[in-house]
Amino acid sequence: MGTEQEYIVQREVLDQVRLDEVAEKGNWTTKPSLSERRTVVSWVPVLGWLPQYQFKENFAGDFISGCSVASMHLPQGMAYAPLAALPPVFGLYTSFFPVLIFVIFTTSKHISIGTFSVVSMMAGTVTQRLAPDQNFIVNGTNGSKVDTEARDAARVQIACALALLTGIFQILLGLVRFGFVVNYLSQPLIRAYTTASACQVACTQLKFLFGVSPALYSGPLSFVYVSLSNVLLIFSSCSRFRAPFVPNASYFPSIVGDAFSLAIVSYTINIALSKTFAFKYGYRVDNNQELVAVGLSNTIGSFFYCYNVSSSMSRSLVQETTGCKTQVTGIISSVFMLIIIVKVGSLFEELPKAILSSIVFVNLTLMFMQLADVYTLWKTSKTDLLVWLVTFICTILLNLDIGLAAAVGFSLLTFIFRSQLPRYYILGLVPGTDLYLDIETYREAKEIPGIKIFRSSATMYHISSEMYLDALEKKTGFDLETLLMAKRKREAAQKRKEEKELKKEEFPEGQTSTKGPDMGEVNWGYQRDTSMFKLDSVTSFQSVDSIKKFPQIDEEEKGRFSGSDTHSIILDMTTTSFVDTKTNRDVCLVSQIFRDFEELHLDVYLAGCQACVVKQLETIGFFSDTIPKSRLFVTIHDAVLFILKKHRQTEFNLVS
């Protein structure tokens, strides 16, 4: 039978003033200089890991993995290029040049960059929109036909320009440290988007698989339209490397929106896979460096006839399971792709499109398996399930670009609603500890007589400030508006009574008016009383010692609230991570709480403020003679001990 372990800590009660003295607060900083933060190795990670490469331990695994991934690059590159409305050989180019660039700049060891079905299809919507077949119809001896050579050349130009602009966006976003944006794209959104995209891709491949030619259609509901067309038609029918070039920038105005969408989508897929493998194998990836890496892969690759790249889930899994240890896998894969392109590629030039479509379908299997997320999310999180369903439906019905925008907008909306609906608690002390827990959740957590401890589950800022105050009144049992109005009515009545008595002393009986030296006649009988409407500003208060002791609340008014025996309010600020210094609304809220409760002769204390919050409060001059730093305590327990000593509540045993 195990014995209970306990610890005992003895120290003085610490408010903020005493903490600053004990901990020797100063302007210490541990931030590295700019030169220390961004070295050459941080910009070009290959310079860090390649000189330390352990050949004996890692090369065998990297070699086998590189060969395996190259064997997938060949069919996938050729199969995904038609999704971008390009000849298959350009898929092979895209499987070679960007991979080499990515190896140099990435911090991830296991993901495989190159062609990807979703990104290929997004690029294809742009190339087909700007270079449709009808623009290249020529008249021949056998009637009109499409000049495929001219059409493909134009689409290559568009695809390379799109890759260049996408890469520029990604590099710029990486340089301004925009990698944090991935934190706002939840896994349900990403998985639903890729699943819906897989459905879109599969739909486009039906015509090649069954040898039918449906009419082209783009825009919202195109998935439904093309699917029905394919089904009806199915039932009724039962080189060599090229010299680098500069992409045509004149296409930029027409593709800027598509390029930005591709920049976000391809990066999001990359970083999601990167973090998955990094967590599994215990290393870290740099969000912003990955953004720069994929951006450079797109940018440099565009000069070599490559279109947009992203990481592939299927290739990355093969790369991991076949023994990949380092980024050398990408180098080996590129070497094999070089051999294939130069020596073997011509053998696959006439590969039937039905075979390429079959390869696409096989590689979409993993994405279709994500449909099982619906059942999992139903059991775990209804909100995440809603995000998944909205993302899937919007992507299916509105196409990839509009669907993504709608999905991100809805996801951010759910985030706002979550932050707008925090939970609020009254905390109680667990006997024998210094733990303060929600009294509605923990039976042993008991309120301390005379003290109300209030906590919000979310940071307090201007959007939720009104909710915070309403919850504070409800949880503590004080109807501030009613109580303050009653108090001010008593003050006004008391003042009128005093003025009436003063008037009787200064004027003879029956005289009701007089004239002052600088004013007209004053009629005391009809003078309007404005004392009820003269409220202090939000940031000005009376000190505790200077508050006039007015008559106590009568029994009828006492019945309006349950906390009539309360003398102290503690606001737990541990969840507050910032202060809105621009509008000062949350600062004004705290100031208002101090003012209103102290007007009712209740003391207010703050507990658990983070150092950054204290610094912000100091900067905007929040602390003053009326709200001194001595009202801010390091922990809730410090505040409780101080209050109990102040009110001589020695009969309450904290450790019983």
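An account of the accompanying structure is given in this report. Keep in mind it's a predicted model, so treat the numbers as computed, not measured.

1. Considering the overall build of the protein
1) Next: A count of helical and extended segments in the protein gives 25 helices and 12 strands.
2) Next: Sorting the 656 residues of the protein into buried and exposed places 47% on the buried side.
3) Next: Carbon and sulfur atoms provide 59% of the accessible area of the protein, an area that totals close to 34,600 Å².

2. What to know about helix α7 (residues 97-105)
1) Next: A large share of α7 lies buried, amounting to 7 of its 9 residues.
2) Next: Turning to α7, its buried residues number three or more, namely Phe97, Pro98, Val99, Ile101, Phe102, Val103 and Phe105.

3. Let's talk about the packing of aromatic side chains
Remark: the centre distance and the inter-plane angle together describe each pair of aromatic rings, the angle taken between the planes.
1) Next: Tallied over the full model, the rule gives 19 aromatic pairs.
2) Next: Taking the centre distance of 4.8 Å and the plane angle of 70 degrees together, the rings of Phe96 and Phe97 count as edge-to-face.
3) Next: Here Phe96 falls in the buried class, since its relative accessible area comes to 8%.
4) Next: Measuring from ring centre to ring centre gives 4.4 Å for Phe97 and Phe304, while their planes differ by 20 degrees; the resulting arrangement is stacked.
5) Next: With a relative accessible area of 24%, Phe304 lands in the partly exposed category.
6) Next: Every member of this aromatic cluster is reached through a ring pair, and the members are Phe55, Phe59, Phe63 and Phe336.
7) Next: A cation over a ring is seen here: Lys109 above Tyr283, with NZ or CZ 4.9 Å from the ring centre.

4. Notes on the pairing of strand β3 (residues 143-146)
1) Next: Relative to β3, strand β2 (residues 137-140) runs antiparallel, the two sharing 4 bridges. The residue of β3 that forms the bridge with Gly140 is Gly143.
2) Next: What sits between β2 and β3 in their antiparallel hairpin is a turn of 2 residues.

5. Description of the state of the cysteines
1) Next: Considering all chains together, one arrives at 0 disulfides under this definition.
2) Next: This cysteine, Cys306, is not joined by any disulfide, and Cys160 carries the nearest cysteine sulfur, 7.2 Å off.
3) Next: The cysteine Cys609 is free of any disulfide, with Cys612 supplying the nearest cysteine sulfur at 9.2 Å.
4) Next: Look at Cys609 and you get buried, because its relative accessible area is 14%.

6. Description of the sheet that holds strand β7 (residues 451-456)
1) Next: Pairing is mixed in the open sheet, where 6 strands are placed in the order β6-β5-β7-β10-β11-β12. The open sheet has two edge strands, β6 (436-438) and β12 (632-633), and neither has a second partner.
2) Next: In the sheet, strand β5 (residues 424-429) pairs with β6 via 3 bridges, with the strands oriented antiparallel. Bridge assignment links Leu429 to a residue of β6, and that residue is Tyr436.

7. Quick word on unusual backbone geometry
1) Next: One non-glycine residue, Ala85, lies in the positive phi region at around 65 degrees.
2) Next: By secondary structure assignment, the location of Ala85 is in the loop between α5 (55-80) and α6 (89-94).
3) Next: Given the relative accessible area of 9%, Ala85 is considered buried.

8. Examining the environment of Gly323
1) Next: Position of Gly323 relative to the elements: it lies in the loop between α14 (313-321) and α15 (328-344).
2) Next: Taking relative accessible area as the criterion, Gly323 reaches 22% and is therefore assigned partly exposed.
3) Next: Discounting chain neighbours no more than four positions away, the residues touching Gly323 are Gly61, Asp62 and Ser65.

9. Topic: helix α9 (residues 148-175)
1) Next: Here α9 contains 28 residues, and its C-alpha end-to-end distance of 40 Å stays within 8% of the 40 Å for a straight helix at 1.5 Å per residue.
2) Next: Here α9 lies mainly inside the structure; 20 of its 28 residues are buried.
3) Next: Looking one or two residues beyond α9, the residue adopting positive phi is Arg177, at roughly 60 degrees.

10. So, the pairing of strand β11 (residues 603-607)
1) Next: Burial within β11 is extensive, with 5 of its 5 residues counted as buried.
2) Next: The two faces of β11 match: Asp603, Tyr605 and Ala607 on one face and Val604 and Leu606 on the other face are all buried.
3) Next: The pairing of strand β10 (residues 568-572) with β11 spans 5 bridges and is classified as parallel. The residue of β11 that forms the bridge with Ile570 is Tyr605.
4) Next: In the sheet, β11 pairs with β12 via 2 bridges, with the strands oriented parallel. Bridge pairing in β12 places Leu606 opposite Leu632.
5) Next: Taking the sense of rotation as the criterion, the β-α-β connection linking β11, helix α24 (residues 611-619) and β12 turns out right-handed.

11. Topic: the nonpolar core
1) Next: Core analysis: the biggest nonpolar cluster contains 85 residues, and Leu86, Met122, Leu162, Tyr193, Ile255, Tyr307 and Leu364 have the highest contact counts within it.
2) Next: It is helix α12 (residues 252-281) that contributes the most residues to this core, 14 residues altogether.
3) Next: Once residues within four sequence positions are removed from consideration, Leu86 is found in contact with Ala81, Arg155, Val156, Ala159 and Tyr307.
4) Next: If you look at the next biggest cluster of nonpolar residues, it comprises 33 residues, including Ile426, Leu602, Val614 and Phe623.

12. Focus on the pattern of salt bridges
Pairs can form between side chains of opposite charge whenever their charged atoms are close.
1) Next: On inspection of all chains with the given rule, the structure shows 20 salt bridges.
2) Next: In this structure, Glu491 and Lys487 form a salt bridge, with 2.3 Å as the shortest nitrogen-oxygen distance. Separated by 4 residues within a single helix, Glu491 and Lys487 lie in helix α21 (residues 480-506), roughly one turn from each other.
3) Next: Salt-bridge contacts for Lys487 lead to Glu599; the nearest nitrogen and oxygen are separated by 3.7 Å. One end of the pair, Lys487, is in helix α21; the other, Glu599, is in helix α23 (residues 585-599), with 112 residues separating them in the sequence.
4) Next: Assessed through its relative accessible area of 5%, Lys487 is described here as buried.
5) Next: Residues participating in the shared-partner salt-bridge network are Asp133, Arg151, Asp152 and Arg155.

What counts and how
- Residues numbered from 1 in each chain as written.
- Predicted model: local features only at pLDDT ≥ 70, side-chain atom pairs only at ≥ 80, totals over all residues.
- Heavy atoms only, no water.
- Helix = DSSP H or I, 4+ residues; strand = E, 2+ residues; numbered from the N terminus.
- Buried < 20%, exposed > 50% of the residue type's maximum accessible area, 1.4 Å probe, protein only.
- Areas by Shrake-Rupley, 256 points an atom, 1.4 Å probe, with all protein chains shown as cover.
- Phe/Tyr/Trp six-rings, centres within 6.5 Å; stacked < 30°, edge-to-face > 60°.
- Lys NZ or Arg CZ within 6 Å of the ring centre and 35° of its normal.
- Pairing = 2+ DSSP bridges.
- Disulfide = S-S within 2.5 Å.
- Contact = heavy atoms within 4.5 Å.
- Expected span 1.5 Å × (residues − 1).
- Right-handed = clockwise from strand over helix to strand, strands pointing away.
- Core = buried A, V, L, I, M, F, W, Y, C linked by side-chain atoms within 4.5 Å.
- Salt bridge = Lys/Arg side-chain N within 4 Å of Asp/Glu carboxyl O.

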